[in-house]
Structures are given as C-alpha cells and as structure tokens.
Amino acid sequence: MSAREDILGRIRSALRDAPVAPQIPRAYRTSSELDHDALIHLLVDRLVDYKARVCVLDAAEVPERIAELLADARSYVIPAGLDPDWTAGPHFAPDGDRRRVDSVSAPLTVAELDGVDAVVTGSAVAVAETGTIILDGSPNQGRRAISLVPDYHICVVNAADIAGILPEALRRIDGTRPLTMISGPSATSDIELERVEGVHGPRILDVIIAR
Amino acid sequence: MSTFLGMPSLPVFGTGNLHAAESFPTAAHRELGNAQLRANLGHATHTIRDKRLQVVSELPDWEQLRDAGSAIKESVMARLPELLEQFEQNFTARGGVIHWARDAGEANDIVAGLIRDTGETEVVKVKSMATQEIGLNEYLEEQGITAFETDLAELIVQLDHDKPSHILVPAIHKNRTEIRDIFLREMPGADPALTDNPAVLAMAARAHLRRKFLTAKVAVSGANFALADSGTLAVVESEGNGRMCLTLPETLITVMGVEKLLPTWQDLEVFMQLLPRSSTGERMNPYTSLWTGVTDGDGPRNVHLVLLDNGRSAALADEMGRSALHCIRCSACMNVCPVYERTGGHAYGSTYPGPIGAILSPLLTGIESEENSSLPYASSLCGACYDACPVKINIPDILVHLRSVDVDSKRGKKKLPSQMDVGMKAASWALSSGKRLGLVEKGLPLGRLAAGPDHKITKLPGIAAGWTQSRDIPAPPQKSFRDWWAKEHHGPETGGTNAPARGTARADAHLNAQDKEDGA
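Residues numbered from 1 in each chain as written. Chains lettered and ligands numbered in written order. Predicted model: local features only at pLDDT ≥ 70, side-chain atom pairs only at ≥ 80, totals over all residues. Heavy atoms only, no water.

Here's the deal with the overall build of chain B
For chain B, the helix and strand inventory stands at 24 helices and 12 strands. Along the first, second and third principal axes, the C-alpha atoms of chain B reach 100 × 65 × 50 Å. Within chain B, the proportion of its 520 residues that are buried is 54%. For chain B, contacts bridging at least 24 residues in sequence account for 74% of all contacts bridging at least 6. (Helix = DSSP H or I, 4+ residues; strand = E, 2+ residues; numbered from the N terminus. Buried < 20%, exposed > 50% of the residue type's maximum accessible area, 1.4 Å probe, protein only. Contact = heavy atoms within 4.5 Å.)

Okay, here's the thing in structure tokens:
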C-alpha cells in the first residue's frame, strides 16, 4: 500500500467515532469603524512602534521624498511596474547609473541584488491595527527577492489601501499569489528576548503613506 | 462526509525525537540543580508572558477569536481526510509536488532523496518543529549533507551542539554571555572583540549566514499553516531568514504534520491574529511568507511538501486527546507553566516540551513508550496553560486522562502487588473504622523517633521517598488528636470540669455504634 493510502486509511480509522465538524462561531470583528484619518494615524503609530520610519505625504510630494531618502544610496533597485512618476523628475536626473530595474522577464541575480543599497516598492494592502504591509508580487512590488536582499526598503503605501484590521485586509488579497507580510524591519528576540532590529532582511524600513 | 468501512486498524505510533531518553522526574531533578538555567528561564518566560498579556488585552474580541480558532481546528480534525485530499489537489495543480511519510524514517529518506537529486550537499534551513521531530539534521549528516540552521536561536543551539529547549525560542536557556562564548568558540571568523550586546551578536550571525543564503540551491522548511481551499503554505517568522530560504533557492522542501491544515483562506484571519500575539507577544510578527505551488519567475522552481503522519493518526484515534493536535506551536503554555519555568525544556526529553509536550509526546508515541509515560505527571494541574492556549486545548483534562491511560496500561502487568497496592490496602483497612484508625494513630508518635532534633523527617522509605525528595515532613505530635480529645473530655483527671457537650456525646455514641456494626 502506498504511504498516502496507508496514512489516509489510518486517519479514517482514527475517526471511526465519526466526529461532526462544528459550526465555526465567527463573532470576532470582521470590520473596523475607523475613518480615513484614523486609519492613517493608527498605521503610523503601529509602524513607528516596530521601529519603521514613516511619513505621510500628498501623492505629489512622493517623488521628492523618495529622492531625499535615496540621496546616500550608491545604487537602488525598482520593480519594472513601479509608478514611473515616483522615481522621475528633476530629483532623479541623471540617475541612470545607480538605478537598476528588476522584472520577471529580466531579473537581477541574487549577487547583483546583494550589491544594491536600497529598494523602492509599492504595496498591495496595509493593516492599520497590526502595522502590517502586504506585498502580493504585483508589477509595482516585483519579485519577493528585491524587497528582501537590499538592506534598505522604501515602501509606498497608498492611503486608500489601508485596512483597519486583518480580516478586512485579507479579503482584498488573492491568496494564491506569492505573498509577503511585513511588519517593521527584520527583527529578532532570540537573545534574552531583547528585540534587535535587523538580522537577515532589510535593517531599515521607510514607509511613505501617500494621501 | 464519507464513513470509514474498513477494518479499524491499531494505532501506529511516531518515531524520531519524540521519545524521552530518561523519565521526567530523573531529568528534572538534574536540571533543577542548574541555577543559571533557572535564572535565564525565569527572566525570559516572565518577559514574554507580560508582553503577551499586554497585546492580548488590546483586542476586544480575543475570546471570540479563541472560540473560532478552537472550532476551526476541531472541524479540521473531523474532516481531515477530505481536507488533505483537497489541499493535495490544489497544491499539485499549481506545480507543487506532494510526498507522504508514515514516520520519521520515511520522511528523512524522502528529504534526503530530493536533496540528492539536486546534486547539492549543503542546504539552508528555516526553523521547524517537524524537522526537529524527525531528527532531519542528524540524518542528513549521516548522508553527507550539511544542513545550516538559519534562525538565530537555532544557529546558537546548533553551534553549541546542544538541543532546543523551547518551541519558539530554542536558546531560551542561554544568556548573552553564554551565547557570545559559543560564537567565539564555534563560529569561523568571529571577531575576537565580540561583545555580548544582543545587537552585536545578531550582526555576527548576519555576517556568518549571508553567503550561505546567497548561494544556497536547496532550502528545507516547515509550515505554520496550509490552506486546503487554495493549496497555500505559510511560514511565520521574524528575522528574514525564512524569506531568504523560501524565495532564493531553486528547490524548496517543506515538511509538515498532517494536522496543520486550515479549511479556507478566511480561516487565516483567525490564526494570524492568534499566533503572533500568543507566541512572541507582538501584534504581528515581522515577516510572513505565503506560497501556492510554484510562481513563474518568483521563488523556487521546484517546490515539494512532505506530509507527515508520525503518530498523528494515533493521537487522532484518542477521542479525548485528539485536540492536542489543534496546537499551533505558539508556546504560550510553556511560558506560563510553573513546572516548565523551573525545569526547562530539556527535562521533557521530546522535541515538544512544556504542557503541550506533556500531552502531545505520549499521544504521538503511545503512553507505553516507557520514559514518556511520566510526562503527564509533569504538571501541577494549575490550569494556566489552558487559560493561555489560543485554541483552547484543555491540557489539564488531557493530562488527567493520560494519567489514567498510563495507570490502566500498567495494571495487570506486575504479578506481585506494588508498594502502592499494599499501602492502599492498609489505608483502606485503617480508614474503614474509627477504632482501627485510633489504633494506627497510637503508633504515629513513634514517627518522632525518625525526625531529628529539628523535628523534621527528611527521608521517607520506599514509595513515600518521592514525597521527601523535595520537601521535609514535620515530626508527628507527641500524641494523636484522638488521645488528646479523650484526655480533655473523658479523662479521669479532667472529667468533672470539662463535661462533653451533647453533640459530642452523640457523635461518640454514633462512632461506637458504627464500630459494632463493623464487627470491630
């Protein structure tokens, strides 16, 4: 008998008392009552608590802010589908020699990514209550590796994409995409439970919330 | 729902690092002698339980989430065959490959074979309880394959040739100075000026593992959840080592117990609220990765999943104990356990320590597994673990249930009556009549002879020795209560002044009548 048949048989045999699957009580919160400003305020508070750096700007101010944040980076990577306006304009010219563009059809190697100082991505959804940003691999967020290997991640969150609590956020996501949920920069608490930011993932996370 | 019509089979128990090498009382006695361990554990468990209470109290619907989590897991157990098949179909449809493993040996063989097929001799690993359980690292080493643990705590334990002692924080028993010394001794190229600052130590680990991450072709992981309706796997972590392993290599091999399923994508909203808050005391862990089979151009091209039984079907067959399989490995129970806090995780022997380990290990191995049969007694039954459990596993009830299974399994095995049998018989004889008890009590003051000048008995013989192993017994009084009472109320010296009250006289008459009925 194959292991599969064997194991399924054992499990069926273990359930010979025919337990009935209960109704799932879903009395927990599935939506929050927060308005637009409260959502932004809460997300900022939670991200700062995780030692992320956050600013809230009008959409028109985003390119200038990104340029400022990238001022010290010798090189940076962007996904091919990033909003072209975010890394365009007078702040970025001439920028060709330090910008790398990554896409599924023309991916950078891991070694190339390791040589890059920073990455700029968009995001799919954010969860205000937990300070979580969800990336779903859409063209403006790119492959999972680009937001992982460089040491500095600049992430733009559209204010309209902020959900109050996790159930609201997960409803907006296709679960079969390659997903990454990010809550602050990389961190460990493995030594005497003292939190240290930055181990293997990006050590610095800058979040720009665009209104 | 399909009904199983075949012959009910005997449960098949798990193998691997589930069996304790010595009984809990023996191991705990030794561990309790380590004052440094107790100090490290006390600090760590109190820190984490305070953090947990703080973030749990922020959620107005925490109890409703626990109710949902508990019911979802109960439903998973009831529908397990159907959900496994559904998951298999969805995961396979998106390019993943599923393997089934009856026990630890079979799982190890499958993983080693998959690695061999890639031609690689090194793999990077995400922290995983399932691979600890099957002893994968040791097996791979025998096969000439080196597995690098990439979680900081697992790295510390691996470098020190030690074993994990906690589900979530495997190096919880070590403090920063001990960790610095391990790095200096075992980490190639460690800076001799390394300090014991946690940030400095974390950066040393980053530098040490960076090259491995960037060049690894094969990674091995566990999974926190598997969603049946989409075929999705999830790994919850903090450091980014998980993301590195799950996305950079060409081949990803995941080992997961069959009980980790959740029926639907929606159920994730419950468990992603319960798990981080219960385990690290955070609103959310820094990183969670989800993948469904293979995604073109993003992440590994070869994605395998080994579905592991290893005693889970046997645990499922125990109607009372099966809810131990609801465990999401958050470790909240061990952080509140007064027994774990003092003995540490190594005393439990199995991969799964603490209150959940005390029920899960004997369920997976069978209570007849000799050294594991002491685990259900490794508890004060205070119930703190039940209160803390995010999926409401009634650990105290299962502990008591397993104690009775243990006693039943031993009944009839011995031909000679045990000391306990003799003692119980003697007690039953003495307690069945007042006169007999009086007779026995007359002998008690003799116990004063056994006590020293400090009026303490420090060592009892035979089966009672366990009682004095960790406490003294005060010497018995000079006379028994009966003697004292008789003297106060009936004695010839005091009889006239202390006439007994009516109630007492009636009670005495009743006792005497009872003695007559008993034929005493």
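Here we look at the pattern of salt bridges
Residues and elements named next belong to chain B. According to the stated counting rule, one finds 49 salt bridges over all chains in the structure shown. K392 is the salt-bridge partner of D67, the closest N and O atoms lying 2.5 Å from each other. Taken as a pair, D67 in helix α3 (residues 62–78) and K392 in the loop between α17 (384–388) and α18 (395–410) lie far apart in primary sequence, 325 residues in all. For D67, a relative accessible area of 31% gives the class partly exposed. By relative accessible area, which is 29% here, K392 ends up partly exposed. Here K125 makes a salt bridge to E149, at a shortest N to O gap of 2.7 Å. Here K125, found in strand β2 (residues 122–125), pairs with E149, found in strand β3 (residues 146–149); they are 24 residues apart in sequence, far enough to count as distant. (Salt bridge = Lys/Arg side-chain N within 4 Å of Asp/Glu carboxyl O.)

Describing the pairing of β2(B)
Residues and elements named next belong to chain B. Two strands pair when backbone bridges link them, and β2 and β3 are joined in this way by 4 bridges, in the parallel orientation. Across the sheet, residue V123 finds its bridge partner in β3, namely A147. Two strands pair when backbone bridges link them, and β2 and strand β4 (residues 218–221) are joined in this way by 2 bridges, in the parallel orientation. In the strand pairing of β4, V124 is matched with A219. (Pairing = 2+ DSSP bridges.)

Thoughts on the sheet that holds strand β4 (residues 118–121) of chain A
Residues and elements named next belong to chain A. Taken in spatial order, the 6 strands make up an open sheet running β1-β12-β7-β4-β2-β3, and their pairing is parallel. Edge strands, defined here as strands with exactly one partner in the open sheet, are β1 (53–57) and β3 (99–102). Across the sheet, the mean angle separating the axes of adjacent strands is 20° when strand polarity is ignored. Here β4 runs beside strand β7 (residues 152–158); their pairing, made up of 4 bridges, is parallel. Its bridge partner being in β7, A118 is matched across the sheet by Y152. Seen against the sheet, helix α2 (residues 36–49) touches β1, β7 and β12 (204–210) and runs at an angle of roughly 160° to β1. Sheet contacts for helix α3 (residues 62–69): β1, β4, β7 and β12; angle to β12, the most-contacted strand, approximately 170°. (Axes fitted to C-alpha atoms, helices over the stretch in contact; angles between N-to-C directions.)

Quick word on the nonpolar core
Generally speaking, soluble globular proteins have nonpolar side chains that are buried together. Residue and element names in this part refer to chain B. Formed by 148 residues in total, the largest nonpolar core has its most connected members in F183 and F225. Here the element with the most residues in this core is helix α10 (residues 198–215); it accounts for 7 residues. Residue contacts for F183: discarding those within four places in its chain leaves L152, I156, L159, A190, L194, L201, A204 and A205. One finds A104, A147, V255 and L308 within the second-largest nonpolar core, a separate group that totals 22 residues. (Core = buried A, V, L, I, M, F, W, Y, C linked by side-chain atoms within 4.5 Å.)

Let's talk about the layout of surface pockets
Residue and element names in this part refer to chain B. Estimates place the volume of the second largest pocket at around 900 Å³. Considering the residues around the second largest pocket, the lining is formed by 41 residues, among which E138, V157, Q158, D162 and K163 are closest to the centre. When contributions to the lining of the second largest pocket are tallied by element, the ones reaching two or more residues are α1 (24–31), α6 (129–134), α7 (136–142), β3, α8 (152–159) and α10. It is α8 that provides the largest number of residues to the lining of the second largest pocket, a total of 5 residues. (1 Å grid on protein atoms, 1.4 Å probe; cavity = no way out; pocket = protein on both sides within 12 Å on 5 of 7 lines; lining within 4 Å. Points joined across faces, edges and corners; volume = space filled by probe spheres on them.)

Focus on the confidence of the model for chain B
Of all residues in chain B, 92% have pLDDT values of 70 or greater, and the mean over the chain is 90. Considering only residues more than four positions removed or in separate chains, one finds that residues 494–503 of chain B, a stretch of pLDDT under 50, has 6 contacts. (pLDDT = per-residue confidence, 0-100.)

So, the interface of chain B and chain A
With 100 residues of chain B at the contact, the number on the chain A side is 78 residues. Between chain B and chain A lies a buried interface of about 7,900 Å² when both sides are counted; carbon and sulfur atoms form 59% of it. Contact with chain A buries area across many residues of chain B, yet B:R102, B:R206 and B:R283 alone supply 9% of it, more than any other trio. At the boundary of chain B and chain A, one finds 15 salt bridges. A:R29 is the salt-bridge partner of B:D61, the closest N and O atoms lying 3.2 Å from each other. Between the two partners, chain B and chain A, sit 40 residue pairs in polar contact (both at pLDDT 80 or more). (Buried area = accessible area lost by both parts, 1.4 Å probe. Polar contact = N/O pair within 3.5 Å; in protein donor to acceptor, adjacent residues only side chain to side chain.)

A word on helix α2 (residues 35–57) of chain B
Residue and element names in this part refer to chain B. The end-to-end C-alpha distance of α2 is 33 Å, a good match for the 33 Å that 23 residues give at a rise of 1.5 Å each. All of the buried residues in α2 are L37, N40, L41, G42, A44, T45, I48, R49, R52, V55 and V56. Between a side-chain oxygen at the N-terminus of α2 and the backbone nitrogen of Q36 the separation is 3.2 Å; the capping residue is N34. (Expected span 1.5 Å × (residues − 1).)

Points about the environment of A:A169
Residues and elements named next belong to chain A. You can see A169 is positioned in helix α5 (residues 166–171). With 138 residues separating them in the primary sequence, A169 and S31 have C-alpha atoms 9.4 Å apart. Filtering out sequence-adjacent residues up to four positions away, A169 remains in contact with V125, V127, I134 and A163.

Concerning the sheet that holds β2(B)
Residues and elements named next belong to chain B. Taken together, 6 strands build an open sheet; the order of strands is β1-β10-β7-β4-β2-β3 and the sheet is parallel. Each edge of the sheet is formed by a strand with only one pairing partner; in this case those strands are β1 (96–101) and β3. Within this sheet the neighbouring strands show an average axis-to-axis angle of 25°, counted without direction. Here 4 bridges tie β4 to strand β7 (residues 251–257), and the two strands are oriented parallel to one another. If you follow V218 over to β7, its bridge partner there is T251.

Section: a nonpolar patch on the surface
Judged by side-chain polarity, B:M420, B:M424 and B:I463 come together as a nonpolar surface patch covering roughly 310 Å² of accessible area. Tracing the backbone shows B:I463 in the loop between β11 (456–457) and α22 (465–468). (Patch = residues over 30% accessible without salt bridge, like charges linked within 9 Å, V, L, I, M, F, W, Y side chains within 5 Å. Areas by Shrake-Rupley, 256 points an atom, 1.4 Å probe, with all protein chains shown as cover.)

Remarks on empty space enclosed by the protein
Per the counting criterion, the structure on display carries 7 cavities of 30 Å³ or more. Secondary structure elements with two or more residues in the lining of the largest cavity: β10 (187–188) of chain A together with α2, α6, β6 (232–237), β7 and α12 (268–279) of chain B. Split into classes, the residues belonging to the lining of the largest cavity amount to 19 nonpolar, 11 polar and 12 charged. (Nonpolar A, V, L, I, M, F, W, Y, C, P; charged D, E, K, R; others polar.)

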